[in-house]
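Below, each chain spelled out in residue letters.
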Amino acid sequence: MSIYDTLNEQQREAVYHTEGPLLILAGAGSGKTRVLTHRIAYLIEEKGVNPWNILAITFTNKAAGEMRERVDNLVGFGSESIWVSTFHSTCVRILRRHIDRLGYDTNFTIYDTDDQKTLMRDICKYLQIDTKIYRERNLLAAISAAKNEMISPKEFRLRAEGDFSRQKIATVYEEYEKQMQANNALDFDDLLVKAVQLLKTQPDVLDYYQERFRYIMVDEYQDTNNVQFQFVSTLAAKYRNLCVVGDDDQSIYKFRGADIRNILNFENVFEDARVIKLEQNYRSTSTILDAANAVIRNNRGRKDKTLWTDNGQGEKIEFRQFDTGFDEAEYIVGDIRGHVDSGDCSYNDNAILYRTNAQSRLFEEKLVSANIPYKLVGGVNFYARREIKDLLAYLKTIDNGRDDLAVRRIINVPKRGIGLTSVNRVQEYALQREISFYEAVLGADLIPGIGRGLSRLESFAALIEHFKEEAGRMSILELLEDIIETTGYIEELKTEGEIEAEARIENIDELKNKAADYEEGCHERGETPTLGGFLEEVALVADIDSLDEDSDYVVLMTLHSAKGLEFPHVYLAGMEDGLFPSYMTVTSDNPEELEEERRLCYVGITRAMKQLTLTCARRRMVRGETQYNKMSRFLKEIPMELLSTGMKFEKEEKEEETPRQSSWQQAKQAFHTKAFSSPRPVQQFKVAGGNGPGYDVGDRVRHVKFGEGLVTAIVEGGRDYEVTVEFDKAGTKKMFAAFAKLQKI
DNA sequence: CTCCGGTGCCTTTTT
DNA sequence: GGCACCGGAG
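Cut-offs used in this document
- Residues numbered from 1 in each chain as written.
- Chains lettered and ligands numbered in written order.
- Predicted model: local features only at pLDDT ≥ 70, side-chain atom pairs only at ≥ 80, totals over all residues.
- Heavy atoms only, no water.
- Buried < 20%, exposed > 50% of the residue type's maximum accessible area, 1.4 Å probe, protein only.
- Helix = DSSP H or I, 4+ residues; strand = E, 2+ residues; numbered from the N terminus.
- Pairing = 2+ DSSP bridges.
- Right-handed = clockwise from strand over helix to strand, strands pointing away.
- Expected span 1.5 Å × (residues − 1).
- Polar contact = N/O pair within 3.5 Å; in protein donor to acceptor, adjacent residues only side chain to side chain.
- Core = buried A, V, L, I, M, F, W, Y, C linked by side-chain atoms within 4.5 Å.
- Contact = heavy atoms within 4.5 Å.
- UniProt positions renumbered as here; feature names shortened; annotations may be inferred.
- Near = heavy atom within 4 Å.
- Nonpolar A, V, L, I, M, F, W, Y, C, P; charged D, E, K, R; others polar.
- Phe/Tyr/Trp six-rings, centres within 6.5 Å; stacked < 30°, edge-to-face > 60°.
- Lys NZ or Arg CZ within 6 Å of the ring centre and 35° of its normal.

An unreviewed UniProt entry annotates chain A as ATP-dependent DNA helicase of Faecalicatena fissicatena.

Draft legend 1. Broad picture of the pairing of strand β7 (residues 242–246). Within β7, five of the five residues are buried, leaving the element largely enclosed by the surrounding structure. Going residue by residue along β7, you find L242, V244 and G246 tucked away on one face and C243 and V245 tucked away on the opposite face as well. For strand β1 (residues 22–26) and β7, the ladder comprises four bridges, and the chain directions are parallel. Across the sheet, L25 pairs through a bridge with G246, a residue of β7. Here strand β6 (residues 215–218) pairs with β7 via three bridges, running parallel. Directly across from V218, in β7, lies its bridge partner V244. With respect to chirality, the unit in which β6 leads through helix α11 (residues 226–236) into the neighbouring parallel β7 is right-handed.

Draft legend 2. View of helix α28 (residues 591–605). Helix length check: α28 (15 residues) gives 21 Å between terminal C-alpha atoms against 21 Å at 1.5 Å per residue, within 8%. Burial analysis of α28 places twelve of its 15 residues in the buried class, which makes it a mostly covered element. Regarding α28, the residues found buried are L594, E595, E596, E597, R598, R599, L600, C601, Y602, V603, G604 and I605. At the N-terminal boundary of α28, the capping side chain belongs to N590, with an oxygen 3.0 Å from the backbone nitrogen of E592.

Draft legend 3. Summary view of the nonpolar core. Ranked by size, the top nonpolar core spans 49 residues in total, and within it L392, L395, V441, F460, L511 and F534 carry the most contacts. Counting residues per element, this core draws most heavily on helix α17 (residues 386–399), which supplies seven residues. Among residues more than four places away in sequence, those in contact with F460 are V407, I410, I411, R416, I418, Y438 and V441.

Draft legend 4. Here's a closer look at the UniProt feature "domain: UvrD-like helicase ATP-binding" (unreviewed entry) in chain A. UniProt's feature table lists "domain: UvrD-like helicase ATP-binding" (unreviewed entry) at residues 5–285, given in the numbering used throughout. Structurally, residues 5–285 is divided into 51% helix and 12% strand, and its ends, taken at the C-alpha atoms, are 24 Å apart.

Draft legend 5. Region of the structure containing the UniProt feature "binding site: ATP" (unreviewed entry) in chain A. UniProt feature "binding site: ATP" (unreviewed entry): in the numbering of this structure it lies at A26, G27, A28, G29, S30, G31, K32 and T33. By relative accessible area, which is 2% here, A28 ends up buried. Setting aside residues no more than four positions away along its own chain, A28 makes contact with D247, Q250, N281, R283, L307, Y602, T606 and R607. Checked against the element boundaries, G29 lands in the loop between β1 and α2 (32–45). Sequence-distant contacts of G29, that is, excluding residues within four places in its chain, are made with Q280, N281, Y282 and R283.

Draft legend 6. How the structure looks around the pairing of strand β15 (residues 625–628). In this sheet, β15 lies alongside strand β14 (residues 608–622) in antiparallel orientation, the contact comprising four bridges. Bridge pairing in β15 links M621 to T626. Turn length for the β14-β15 hairpin, with the two strands adjacent in sequence and antiparallel, is two residues, and the turn residue R623 shows positive phi of about 50°.

Draft legend 7. The protein's contact with DNA strand B, seen in detail. The full set close to DNA strand B counts 26 residues, and F59, R137, R355, G419 and T421 are the nearest of them. Sugar plus phosphate, as a fraction of atoms of DNA strand B within 4 Å of the protein: 65%. L420 places a main-chain nitrogen or oxygen 3.4 Å from a phosphate oxygen of DNA strand B. Looking at the surface near DNA strand B, the elements with two or more residues in it are α19 (420–433) and α26 (559–562). Of the residues assigned to the surface near DNA strand B, the class counts are eight nonpolar, ten polar and eight charged.

Draft legend 8. The arrangement of the packing of aromatic side chains in detail. Applying the stated criterion to the full structure yields 18 aromatic pairs. Judged by centre distance (4.9 Å) and plane angle (35°), the rings of F266 and F270 are tilted. Judged by relative accessible area, which is 1%, F266 ranks as buried. Arranged with centres 5.4 Å apart and planes meeting at 70°, the rings of F580 and F634 form a pair that is edge-to-face. Of this pair, F580 sits in the loop between β13 (567–572) and α27 (583–587) while F634 sits in helix α29 (residues 633–636), and the two are 54 residues apart along the sequence. For the pair shown, F580 and F634 are each scored as buried. Sitting over the face of the ring of F437, R408 holds its NZ or CZ atom 5.9 Å from the ring centroid.

This is the structure:
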C-alpha cells in the first residue's frame, strides 16, 4: 500500500497531474495541504524530480513551516533542498543575491508599516503637504495600490495628467521612492515588485531561477495580488509546471490588493490548464457545512461548488443573543470553562473568532478572571512595540547605516540631549551633501551652527562605531545585551517608572530569546548567523506564526487570521450588522464589499470541526460609546433547523429579528434600520441606555440660548447623556442633557 | 530641550 | 476609550 492510497479520487488526480498548469479548487477542509505535500512527494519519488527544482509558496511562515514539516515526514531524502517559503521571504532570498543590479545594496533593510508611516510623515512635512487633506494612510494606500499594479512613479505621473490631486500623490510617490532608495530600504510591496523587476530585466537571473524552479506550487492562490501573479507566472513561464491551490469563496484580502480574478481567470490565462475540484470536506460536521453552504450561496460571481461530507450530522449550531458584549464574553468563557471542566475538551480545542481586534479585550478580561490560559493572535505586533523597535533600530543602524529612519529613531533614545534642532541641522546638511544621515553625524564637526550639539553627536557616533566593531566578533545576543547595558536602556525605562516598564522589560527579554533562537536555528542548519539575517527574519514574521497547536490555550483572533486553521469548537462572536458585516460595507453602495464579508463569514463557519457557537449582543461599547446593533444578516441566511437557540429565544423572535424589548427600544431599532438605507445616514446610531433624555437622534430641540437645532447624537456618559446638537444658528454643540435642558419641539 | 496637558481621530481586516 | 500630535511652560 502506498501513501497515495489514502487520498480520494480527486486528490489523487491532482497529485498525479504533474506536468503543465493545474488549478486545484479546494473547498474548505478538503485536504489541500495534504494534496500539496503528497504531490511534492510524488514528484520526487515517482517522477524522479530533483527536490532542488521544487518551489512551494505560501502566505505565512506558519503555513510554510507546517508544509515543510509534513513534506519532511513524507519524503525521505533531500527534502531540505526544496524551497518552501512565503512570497516575501522567497523574494528576499532572490533579492539578497541580485538586487545590486537594480541599484540597491544587497543588505537592504525592510520597512514595516510603522516605518512607512514615519517616512511618509517626514515626506509630507518636507513637501509641505496638508495631511488634513491628503492623509498619510491614504497616500500610502495609493502607493501600495500602484505598486501592486507595478505602476512606477513615472507612469503614475503620466496617468495623473489633468488630475491635480493625483499629481500631488505622484509627487509624494516620487519622493517616497527616492527616500526609500536613499535609505536602502524596501517595503513589503517592494519585495515583490523588485523581484519581478529583476526577473523581467535581467535575462540571466530569470534563466537561472526558471531552470531552478521547474515545479512551482502556490497555496491560497485566491489571495494573490497582481505582483504576486506576475512573480509566479514569470518564473513558471518556461516549464509551465505551475500548480495553484485555492478557494475563491475564501478570498478575503481584497483590501490588500488581492485579485480574485487571478483564480477565476486562471483557465483563461493558462488555456491548457487542468482544473480539479476538491469538494469532499474532512473537517466539519454536515450541520456546519450546510450552514456554510447556505451562507455562501448568496454570493454571486463564484465558481459553483458544494461541499459535502460523510462525517455525521453532529450537534446543532448554538446561537445566543445577549444584551451586551460583556454578557456575550461571559457566556463564551463560561461555556469553555464548562466543557473543559467536564472533560469534553481541552483549552486548545476552542477558538474565539471576531471581526475586529478591538473585540478581543472583553474576552481577555473574562479569560483572565476565569483563570483560563489563552493566546491572543494579532493586535499590536510584538515587533511593533516601542522598546522592540528601538532596539531593532540600533541593530539596523549597526548593520546598515544608510537607514536614516533607524538612526533618527535612536539618536536620542535613551535621552542624550540631542533635540529636534540638532537633528534638523544634521538632516539639512545630509540633504545638501547628498549623504546619509549617519554619515552626516560622523562628520558632525563640519555642520554649520551645530554648536553645543557637536560633542553629543560625536559621542553618539562613537557609540555606534563601538557597536559596529563589536558586531564583528560578538553573537547577536551578546551585542543586544551590550546595547542595553551601554546605553542604559532598561534603566531609562525604570526611571520612567511606568507600570508598563515591567512589561517592556519582559518584551526585551523575549527579544533576547528570539535572537538566541535565531542563532541556534542557524547553527542547526549549518548556516552562519548574521545581523542582517536576524533583522530579516524579524521583519517578515506575522503574528499568526507564533501560534502553537501543542500548547494548551484558548485561541483568540480575527476571522482573517483564522484562515487555514481549524478547531473542534469555534465561537463566532459579534454577529451583528454594523460590526459583522462591518458598518463600512453595510453602508457601501458596492455590493462586492458585502460579498467579501460573506466570504469572511464562510471562512469563520468552516473553521469549526464539531461545534459552532454564534453569538451577538444588542448593545455594545464601541470606542467608548454604546452602539445598538441588529443581529447579523448572515445569521438569517442560515436555515433555522440547523440552529439551537437555547431556551431563551423563540422562533418568531428570530424571524422578526427584533428580540423582545421595550417599545422604546423597538422604536430605536426601527430608526436604526432607516438610518442604514437613508442616502446620508446618520453616523452610527447612538442612544443612551435606560430611559433616554426624552428626545432622540433626529429630533428637533430648543435650547434657551442657542435656539433650535437637530439632535445628531446621544451618547451615554456615566450618569448623564452627552448630546450633540446641530443648531441652526449657533453651530454644532456637545452638551450634557442634565444641564442643557433641551426641549423637544 | 524636555515635559505636560489638550485635542482630534480613529478601527475593518495584514504579509 | 486610547493613542499620537501639537503647543506652551519650565
